[in-house]
Every structure is written in structure tokens, then in C-alpha cells.
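Now for the letters of each chain:
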Amino acid sequence: MAAAAMPGDDDAALASPVILSDTHESPSPATNGETAPAANDVPSVAHLNGIGIKGLKVPDTTEDVARSKEALRAATSGTTVGRVPDGTVFSVPETHDLIQTLFSPNEPKTLPEWITLGLMGMTLFLFFATNAPRQVFLAMFIFWRCMYNIGLGVLLNAQSKDRKLVRLAKKLGFGPKPQKPRAQWVQFLISQVTRKMSKNGVAYDYESMPIEFNTWILYRGLVDIILVNDFSNYVAFAVAYYESPEGGYGWFDALRYAAGIAMLLFNLWVKTDAHRVVKDFAWYWGDFFFLVDASLTFDGVFEMAPHPMYSVGYIGFYATALIAQSYWVLFVSLAAHAGQMLFLHFVENPHIDKTYNPPTASTGAHNTSNPLNKYFGRDLIVFQNMDWFRATDLQTIVLASYTVIAALLIGPIDRPWKFWFYVGQTLAWRVIHTYGLGLILYLQSNHRMWNRHFIKHGETTKDAFQSWKVIYNTTQLMSYVSFCVCAVRLFVVPEGLLHDMFLLRATLGVLFIILHMWIAISIYEVIGSSGWFYGDFFIDELRYGSGPIYSGLYRYLDNPLLYTFSCWGVAMFCGSPTLYAITLFGQVSNWLFLRYVEQPHMRRMYGSQIRQEAGVERVLKSKVGELERGVEKLAKDFDMVEVLNRIKEVTRTGEKELRKVMGPAAWKEFVDRARGRKAARGMSFDTPPESEDDFDSTASTGNQLGFTKDGLRLRRKPSNESELSVSSQDDLHAAHGLHKGNSPPKMRRSATNTLPLAVERIIEELEELVDQARPKFMAVVGETAKKLVGDSRSALVPVDVYSLQFPNCPADRPATFRLGEPIEVEFTAAADTLTARDWIGLYPITANPNSALTTTKSDGRWMFITGSSKDEWDADSEAVGAALIKDNENDDSKCIGRVPVSLSTVTEKRGGARHLVATGRLRFPRDRLPWAVGVYEARYHYQGNHDVIAISRAFQIVADEYEWQDGGNGDGVKVSEEVSVASVLKPIVETCVDVDLAAGEQGLALGDTILDRVKVDNCPDVGAYAKYQETVARRITYAIKQTFGIEFSWKVIALDGTTAQLAKRICSARAALLPREYQS
């Protein structure tokens, strides 16, 4: 079984929000929560005694009022309240999990359940009653796993983006009270839903429930079929590939079975505990269809690992492989688990961001108002942001290349000096990186040594930090490069790759390397560049800030990178004792660095704000406490209380004797480490308590004062940067802690992004390659189809009366638009044949070689003739011809959707037939324009397809070229030039940012931060908003290149921030690139 990963995977508490409709009224004024609403009064938020539906708006339609009132009032009695995107509020009926309904003989069965049982029976029959080869069960499991990850993934992705499942259900007649009679098979499925949801003699009212809920119930039936058969076929596959020990069973096999069974029990606990938290609603991805008002406390397994249902929740796969002792089971399980993580990454995470982390104007990726931006730019992090023209980057690459080339020249280890060369080089870089840089950080933290040195020689703290970043990245890179070179030279190819445990070691090694890379990327997403380079050691603005970071991986662990998993992985792969020793040395070095450098610095900065225990430690302690209470209860039941007290007395006596042997100071340090209560803000226990009671009371007081444990590896980041892409559930987590009476540490917001930028770039490159190949193929297909079919389409659609014009451009002159200027297209279409899915797109004139078929992607530069977007295109989607033309509510005119049209009669050129035509105008806004100079055309497409009905005349997009001032190079001339450039640049930036001055929006001042004015309206999540900010920045740099002849990277917009600074940079670049012409 699997559940939809709720945003609580990363947060401790969450109240699932309700999707708000576009309402025009505010909720009713607050009233006393104890007063019952009047009979005809719709309860507001205040009426619900703090049920917490923020901005609740009951629909105004009469037929929904009674049902909405009933649902809201039911919420006060504990009934779950659901809400669909159109604003309808309803009471969510109780649902039951699959195990309860599928295997209980008292529960009525529906078609999906009978199909599930039948397929399970077929699998059991094949396994026990036939001699089917084991490859059959492997193929069956692969099929069901693909149905899960690919099949369900495609359906959920379509539902999340365009609500396609609900649209399809509505089109097929599954909606309440359809206009057309339902088909028999539709009526049968509805009866199955009614049968499934009718409980305890109470019939389920299908027609009164929203279509979103009923569609979800239908989808659950498909999920049950797939998940149950996925599980049963995996069991059959694993048993079929079970391999008995060659030499008989022994102690090793007993340990192997014991470990496998323990892992299976842990997997069972993960699933059951996760279902306890997310309930049946999230277990079946309910939030893809509707939202509920429910407070979920994400404790237990959700404090142990991110997305536990998909991470530690699949440990049962590896337990099965361990018991089966089969590499086939292991590798197939690895592939299945990888597929599940891809499902999480591409399906669930985008939906979570879209639903629960909506972007705001302050959560963009380029907050240029942050004063700390001057310390961070395109810093080299390992190989990321590599610039071959930057001296420091080139030196780093040369040093790494020298190490590799030297290893190639020296050759394999055949003499002792070569062995010590490779080992010594690796140890030297480890010592430099850990102990050398650790000493620098220690002196900087306590005496500001590094900054003092640079200030002494006339430089700034920015110069000091820049030098530190280069040194840190170089030594870090070289420590890994030298280790890999040493590993290559120490590796000995085994005689049999499939024997002597090499295959297992290699597999675990590769997994450890991947784990280390994932941890490093996840940590960087949380702490950013400032934390990665220990910025709070050097930058005053980061010292003594708001607190440590407890989001992302830091929610579960204090020091995610304490263990160098990649080095352990390489050592496992090579199997060299020397590499194990080097890795152990590096592990101990990391621990010493944390113990004596980072932890004291963190305590000095944050003091009592440091938490006492991480999520994993808290869960383990709670389970140990439950186990102790269980043992005590068992002792009482079996009259063994006296024995238990004797054990406790022996424990206390042992502690007392150990304290005498170790001495007070050593005992104090030992207890501090064991109990995790180190003094905060410089407090210490130099004087031990006089008695054990004093010691216990001191420890308890220390806990209240905020004492914390060792082992924290928490780095700070700038407050603005840390607030870029946080889930709002961090605040709810803090509120949850306060509700329990605790005083939670002040959390920092994290910088998240679901996908590494490199992966996005690769996907975009592949899409471009496919798009480049598609036109040629489609052109051949289109020409062939045109020859075969001829002009049969014209017999159905009078194509001659269709046309596209540009009403704002004179017919006797070329149609010309400035870059970023909205384009208005006038269309004329036959009133009898036009459809709501007719659409118009803008394309480069050379993009489509076929005039009858469009073969190039529009990249969003299109609109339906109704003026609606893709998300709204099912409105009147079935209407065709004159039925689509309606009266305008405001006047006597006609309209198609929201586009006013005029009706007239024209004569067809072929045959002379007369047709009633509709003429309307579409205005392409700036986010649907081509943002490149060139020659384009508009194409009219029929009924949602790519068949072309009409093509406009060519139009050109141009950019005005700025005329630079001639003569003089004094300060007055430069200032005048900057003012002139700024005056020309300001409207360009306003156009790119989409500031609509005509609509009354405030203009962009020269000192305003440019990217802060980027609109967030059409961005579903924080990642989309950050990407749209990048798009706007690219528009601005392109317009600058066309207007001023200066080419900039789009990142310059974020660095400069304002129009005034950007104008200065343009003038400086002009002077630097063309000094003679500029000064003449």
C-alpha cells in the first residue's frame, strides 16, 4: 500500500487548507461561537467555534445552501468538511481502508473488489497449480509496478494540472443530474459506488455529492486493483526466486532471517503509523480531487525520515531480498524503489508545492533587496557554476587535473613508495581540509583572525570571505579527488564479479555514493551558499541572527553530513583495508571538527535556541519509553516488581561507582554527552553538585534552561534567502509545539526546490531536440494526408470565410509591433461551424513548412477564440456553431465566451454560398507574446486540433535602437547619458515585468527592485514563480541587447536589482567595450 505524501512529510503539524473560490464577498462578521445560527443564516467562520476554514465562502446558489449549511454545522460535531474548487462545501462521508472491505465476509463487494480478488486468485493459481517458469511472476510484477508508477502517475498528474479526470467524468455523465441520459455502463458504475458507500443500512446519496468526491471513489477502485496485485505479485516473484543456502542452513542464515523479519516488522509499523497520521483521505491521494479541513499532526514515522512512505517505507523490499538471498530480488527491488521515488518526484512533489506552498511575491528565487547578496554570486561549489574565464576556477581545475595526470604518469602500485604517495596525498588533503580549515574557523570564531588579516591590509570582509570560499571549495574538491585516485590505484579486479560478495559490496557502495550526493544536494537546498561556506563565521549580518535551521533534513537529523557515506561507499566497492582506514580517519576527523569547532560556535551564537533532540532521536526515545512502560506493566502482571526494582538499584549503584572512578569533571562531561544537555550561552558545570540529588536537579534545571546535546551541525543562512521557498507548515509546527505547552526553538525557513536545476536543463534540451525533429515528420504526414484527403474538409467547413487580420495595423503597410507590445488579432469565422475549442496561435513564419497543419509547439503563445485559457476550456466545450454565440449581459451585443463578436453575412468565394460569420478580437497579453524580434504569423486552428483554417499576413516584431550621445567624456556627460539610458530603460523594464499602466497600476520607480514586481498570479507554486522570474529577467536582458547593443547574463538583473543600477551598468559596459567610440 502507498499513501499520497502530504506536505507534513516535511512538517510537524498541518491543517490542510481549503481551496478558496474567487468570491466577491467577505465572510460574515464575527459572532459569538456559542450562539446557534438562525434557521436561514449560513454559518461563517466564527459560527464554527474555531473550525479553522479560513476565508470560508458558501456558494450563493440556492440549491447548494442547505447542503452547505448542513455540512458546516456537521463539522462542529466532528464530521470532516470537504471543499471542491468551485467553492462547494460538503460533509465527507466515512470511508474504509482496503483490508477492511476486501477481506471481510460481512462487507458487500463491488466490481473493483471482485476484479481484485479474481486477479489475486489467478496469481495464486499460477503459482501453486501450474509449473509456470519464475520469469512469468517477474513479468507480472513489472507489469503491475508500471501500472502503479506510470499508469497512476499519468492519471494523477493529469488531474493535478488540468483536473482531467473530473472533466472526463463530467463529460461521460458521472456528474450529478446530467443533462443527457447516462449510458448503461455509467449507470452500472454509479450503482457500484452507491453500493460501496452505503453503510449500516444508510443509502448513499450519489446525486447530492460533488463530482470530485464521486470521481475519487471511482479512482479508489482502480487504485485498489493495482496496489493489491502489485503487492501479491511481488510476493509471488520473491518466493519464486528464493534460493536455498548451498551448504545447508546455519547460524548465518538464522541471523539473516532474523534481520529480514525485523525489517519486515519495521516496514509494517511504518505503513500502519503513516496511515494513522494521514488517514484514508491522503492514503488514496484525495487532495488531488478535493481538500478537507482536518488538523494532522505529523509525528511518529514522519519525524524519522522525509517522505517515509516512499523512503523507509520500502525497507521491506530489501528485507525480502535478504531472506530470499537472491540478487534478482535485490536488483528488481532497487528498480521498483527507484520508480517509486520518481513517482514522488514528478507527480506528488509538484502537486504538494502547487496545493500547499503557493508562491508569493516575497518567495522568489531572486530577492535582490537582501543586503547579503553582495557576499554571494556565482560561487564555484565543487564544479557547479564553473567559469573557464575566472582565474580561481581555472586554478582549481588545473590542480585537480594535475593530481589525476600525476597518477596516470606514476602508474599502478608496484613499489612501496607509490603506495605511500597515493595514501599520503589523500591524508594530506584530508588534514588540510579538516584540521587546517578547522583551525582557521576556530580562530575566526573566537578572535576574528581571518577578517582582521584582510582588514589590516586595506581589504574588506567581502574580500576575506571570497578568499575563504575559494580555499574551502578547493580543499574539499581535492580531498575527494585524491581519495578517488587512491581508490582506483588500490582497487584490484576480482576474479569473479558475481562471487566473494563483490557484487553485494559494489551495490551497497554505489547506493552509499548516491545517498551522499542526495544528502549534499538536500542540505544545500536548506542552508544555501551562506551555510555551505560557513558564512556565519565571517559575515556580521549572519552572526547572532534569528536561529538555527530545523527544516529539510535538519528536521530529522542534527548532522546529516557527519558520516561520509560516499567514502564508505568507495571503500566498500574497492574492498581495500587501507581505504577503510582512511575513511575511518576522515570520519573521526569530521567528528572532531564538529566537537571542537562547529558546536562551540553554534552554542555561542544560538544558545538556548538549539533544540535538545532531533526527530529520529525523539521517536527512538519515545519507543524506548513505551517499551520500558510495557516491561513494567508485564512485571506487575507477573508479580516481578521486586526483581525490576533490584535491577534499577544495581543500575544506580553502578553509576555511583563509575562516577567515583572517573572523577567529578569526567563524569559531568560523560553525562552531558549521554543525556544531551550541554550548557548554553557559555554556561558550564565546572563545579559538580555535592550529591546525586543535586546533580539530578541541576540536570533538570539545565533542561528547562535550554541545555542541548552535542552533535549539532546547523548552519545559518540569510533571513531573506531562508524565506524564499518555505512551506507554511513550519509555522504551524511551531504553533503545534506551543499548543502542547512547549517552547519550540525558533525555526528558519528553508530554500526548497523540488528538482535540481541540472535535471531541468537536460529535460528542456531533450524537449527541444524532439521539437526540432517533429516539424519535418509532421510536414511529411500533413502533405500525404492532404494529397489523400484533398479538400474534403472544405466541404464541411467553409474555410474561405475564415480570416485573421490585425485591426490596429493599416492594410497598406507592413504589420509591425514593438517588442513586448500586446498584439490584437481580429478573427472571422463561420457562425455555423465554429467551436469553443477553436484557437489561434502565433508562430515564426518559417516554423511550419505545411500551410494546412501546424507542426511546431506554440510555447504558450495561443488563445481560444472564447478568450479562455486551457484550464477553463471545458466551459461550453460541447457547444458548436450558433449555440456558442450568446447575448452579452451588459448590452445588446453578442459574445463568444468573454469575447464580444459582431455578426454579418459574407459570400463564399467557391460556389457563391452565403454564410453567417462572427467577427471578434483577441488581445494577446504579454505572457503569451513572442519575446524575440523577427517575422511571425497567426494561425487559426479548428476544434482543438492542429488543422489550420486560416493564416494571417506576416507581421514583424521590432525593437527600437538607442542612439548613444556623441562627444565628451566628462562627469556631466556620463551622468546625462545615464539619465537618458534610464529613461529609455524604464518603459522597457515595465513592459517586461508586465506593469499595466493603462489599468492604473503603479509605475516602476528607478529605485524599485525589479524582480519584486514580477506578478505571481499564474504561478502554481514557488518553483514556477522562481522560473517565471528567470523568464522575466531573460526578457529584460534580451531587450537590452536589442536596444543598447550590450549583452548581459540574466543573473545580472538579480544582482543589480533596480533600474537605476542597471542603467549605470549599461553605460559602464558601453564604455568598457567601446572606449574610443564612447569617448569621441
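Predicted model, so just to flag it, every value in this text is computed and none were measured.

1. Re the overall build of the protein chain
Logical step 1: Tallying secondary structure elements over the protein chain gives 30 helices and 17 strands in all.
Logical step 2: Here the analysis covers contacts within the protein chain between residues at least 6 apart in sequence; of these, 74% occur between residues at least 24 apart.
Logical step 3: Of the roughly 54,100 Å² of accessible surface on the protein chain, 60% is carried by carbon and sulfur atoms.

2. Focus on the pairing of strand β7 (residues 815-818)
Logical step 1: In β7, alternate side chains face the same way, and those of Ala815 and Phe817 are buried while those of Thr816 and Arg818 on the opposite face are not.
Logical step 2: Inspection of the sheet shows β7 paired to strand β17 (residues 955-958) by four bridges, in the parallel sense. Each bridged residue has a counterpart across the sheet, and for Phe817 the counterpart in β17 is Ile957.

3. Topic: the confidence of the model for the protein chain
Logical step 1: On average, residues of the protein chain score 75 in pLDDT, and 68% of them are at 70 or above.
Logical step 2: Counting contacts from residues 784-794, a segment whose pLDDT is below 50, to residues more than four positions away or on other chains yields eleven contacts.

4. Some points on the environment of Arg220
Logical step 1: Checked against the element boundaries, Arg220 lands in helix α7 (residues 211-240).
Logical step 2: Residue Arg220 is classed as buried on the basis of its relative accessible area of 2%.
Logical step 3: Counting along the chain gives 66 residues from Arg220 to Gly286, while the straight-line C-alpha distance between them is 9.2 Å.

5. As for the sheet that holds strand β2 (residues 81-83)
Logical step 1: Taken in spatial order, the three strands of this open sheet run β3-β2-β4, and their pairing is antiparallel. The sheet is open, and its two borders are formed by β3 (89-91) and β4 (291-293), each paired with just one other strand. Taking the axes of each pair of neighbouring strands and ignoring which way they run, one obtains an average angle of 35 degrees across the sheet.
Logical step 2: In this sheet, β3 lies alongside β2 in antiparallel orientation, the contact comprising three bridges. Residue pairing in the sheet places Gly82 in a bridge with Phe90 of β3.

6. Section: the packing of helix α10 (residues 327-356) against helix α15 (residues 502-532)
Logical step 1: It is the contact of α10 with α15, at a shortest axis distance of 12 Å, that shows an interaxial angle of 15 degrees. By the angle class used here, α10 and α15 are roughly parallel. Seen from above, α10 lies across α15 with left-handed handedness. Contact with α10, carried on its side by Tyr327, Leu330, Phe331 and Leu334, involves Leu503, Leu504, Thr507 and Leu511 of α15 and no other residues of that element.
Logical step 2: Classifying every residue of the contact of α10 with α15 gives seven nonpolar, one polar and no charged.

7. With respect to the packing of helix α12 (residues 416-447) against helix α13 (residues 449-456)
Logical step 1: Relative to each other, α12 and α13 sit at 80 degrees, their axes nearing to 6 Å. Regarding the angle of α12 to α13, the classification is roughly perpendicular. Contacts from Ile440, Leu443, Gln444 and His447 in α12 reach Met449, Trp450, Asn451 and Arg452 in α13.
Logical step 2: The residue makeup of the contact of α12 with α13, split by class, is four nonpolar, three polar and one charged.

8. Comments concerning the nonpolar core
Logical step 1: Formed by 75 residues in total, the largest nonpolar core has its most connected members in Tyr802, Tyr940, Ile1036 and Phe1044.
Logical step 2: With eight residues, helix α27 (residues 1022-1044) is the single largest residue contributor to this core.
Logical step 3: Excluding its chain neighbours within four sequence positions, the residues that come into contact with Ile1036 are Val989, Cys992, Val993, Ile1010, Ile1053 and Leu1062.
Logical step 4: Within the second largest apolar cluster, 69 residues are counted, among which are Leu152, Tyr219, Phe281 and Ala324.

9. So, the packing of aromatic side chains
Logical step 1: Taken as a whole and assessed by the stated rule, the structure comprises 57 aromatic pairs.
Logical step 2: Seen from their ring centres, Tyr219 and Phe289 are 5.5 Å apart, and the 45 degrees between their planes marks the pair as tilted. Taken together, the positions of Tyr219 in helix α7 and Phe289 in the loop between α8 (251-283) and β4 put the pair 70 residues apart, joining distant regions of the chain.
Logical step 3: On the basis of relative accessible area, Tyr219 is assigned to the buried category, the value being 5%.
Logical step 4: Ring plane angle 40 degrees and centroid distance 6.5 Å describe the contact between Trp568 and Tyr580, whose orientation is recorded as tilted.

10. Observations regarding the pattern of salt bridges
Logical step 1: For the coordinates displayed, the defined rule picks out 22 salt bridges.
Logical step 2: Linking Glu113 and Lys196 is a salt bridge whose minimum nitrogen-to-oxygen distance equals 3.1 Å. A residue pair is termed long-range when its members are at least 10 positions apart, and Glu113 in helix α3 (residues 111-129) and Lys196 in helix α6 (residues 184-197) qualify at 83 residues.
Logical step 3: Note on Lys196: relative accessible area 14%, which makes it buried.
Logical step 4: Salt-bridge contacts for Asp253 lead to Arg256; the nearest nitrogen and oxygen are separated by 2.6 Å. You can see Asp253 and its partner Arg256 sitting in helix α8, three residues apart, about one turn around the helix. Pair check on accessibility: Asp253 and Arg256 agree, each one buried.
Logical step 5: What emerges from the salt-bridge pattern is a single network uniting Glu824, Glu826 and Arg921.

11. Things to note about the environment of Tyr375
Logical step 1: Looking at the element boundaries, Tyr375 is found in the loop between α10 and α11 (391-410).
Logical step 2: Separated by 88 residues in the primary sequence, Tyr375 and Asp463 place their C-alpha atoms 8.9 Å from one another.
Logical step 3: Discounting chain neighbours no more than four positions away, the residues touching Tyr375 are Thr461, Lys462, Phe465, Lys469, Ile539 and Glu541.
Logical step 4: A polar contact is formed between the side chain of Tyr375 and the side chain of Thr461, at a distance of 3.4 Å.

12. Notes on the pairing of β17
Logical step 1: Burial of the side chains of β17 is restricted to one face: Phe955 and Ile957 are buried, whereas none of Gln956 and Val958 on the reverse face is.
Logical step 2: Strand direction decides the pairing type here: strand β15 (residues 934-941) and β17, joined by three bridges, are antiparallel. Following the sheet pairing, Val935 is matched in β17 by Gln956.

What counts and how
Throughout this description, residue numbers start from 1 for each chain and increase along the sequence as written. Local features in a predicted model are, by the rule used here, given only for residues with pLDDT of at least 70; side-chain atom pairs are given and counted only at 80 or more, and totals for whole chains, interfaces and linings are based on all residues. Think of the side-chain values as coming from all heavy atoms in the structure, minus any hydrogens and water. The secondary structure listing takes helices from DSSP runs of H or I that are at least 4 residues long and strands from runs of E that are at least 2 residues long, numbered from the N terminus. Contacts are assigned to residue pairs with any non-hydrogen atoms lying within 4.5 Å of each other. Accessible surface is estimated by sampling points in the Shrake-Rupley manner with a 1.4 Å probe; for residues, cover comes only from the protein chains shown. Buried means the residue's accessible area, taken with a 1.4 Å probe over protein chains only, is under 20% of the maximum for its type, while exposed means over 50%, and partly exposed covers the values in between. DSSP-based pairing: two strands are paired if at least 2 bridges between them are found. pLDDT: the predictor's confidence for each residue, scored from 0 to 100. Fitting a line to C-alpha atoms yields each axis, with helices limited to the stretch in contact; the angle taken between N-to-C directions then spans 0 to 180 degrees. By the definition adopted for this analysis, an angle is roughly parallel if under 35 degrees, roughly antiparallel if over 145, roughly perpendicular if from 65 to 115, and oblique otherwise. Here is the rule for handedness: rotate from the far helix to the near one, and if that takes an anticlockwise turn smaller than a right angle the crossing is left-handed, while a clockwise turn gives right-handed. In this classification, the charged set is Asp, Glu, Lys and Arg, the nonpolar set is Ala, Val, Leu, Ile, Met, Phe, Trp, Tyr, Cys and Pro, and all remaining amino acids, among them Gly, are polar. By convention a nonpolar core is built from buried Ala, Val, Leu, Ile, Met, Phe, Trp, Tyr and Cys residues, the set being connected through side-chain atoms within 4.5 Å. Two rings from Phe, Tyr or Trp (for Trp, the six-membered ring) form a pair when their centres are within 6.5 Å of each other. A pair whose planes differ by under 30 degrees is stacked, one over 60 is edge-to-face, and the rest are tilted. Salt bridges are identified by distance alone: a Lys or Arg side-chain nitrogen within 4 Å of an Asp or Glu carboxyl oxygen. Whenever two N or O atoms come within 3.5 Å, that pair is a polar contact, provided that in protein one can donate a hydrogen and the other can accept it, and provided that, for residues adjacent in sequence, both atoms are side-chain atoms.

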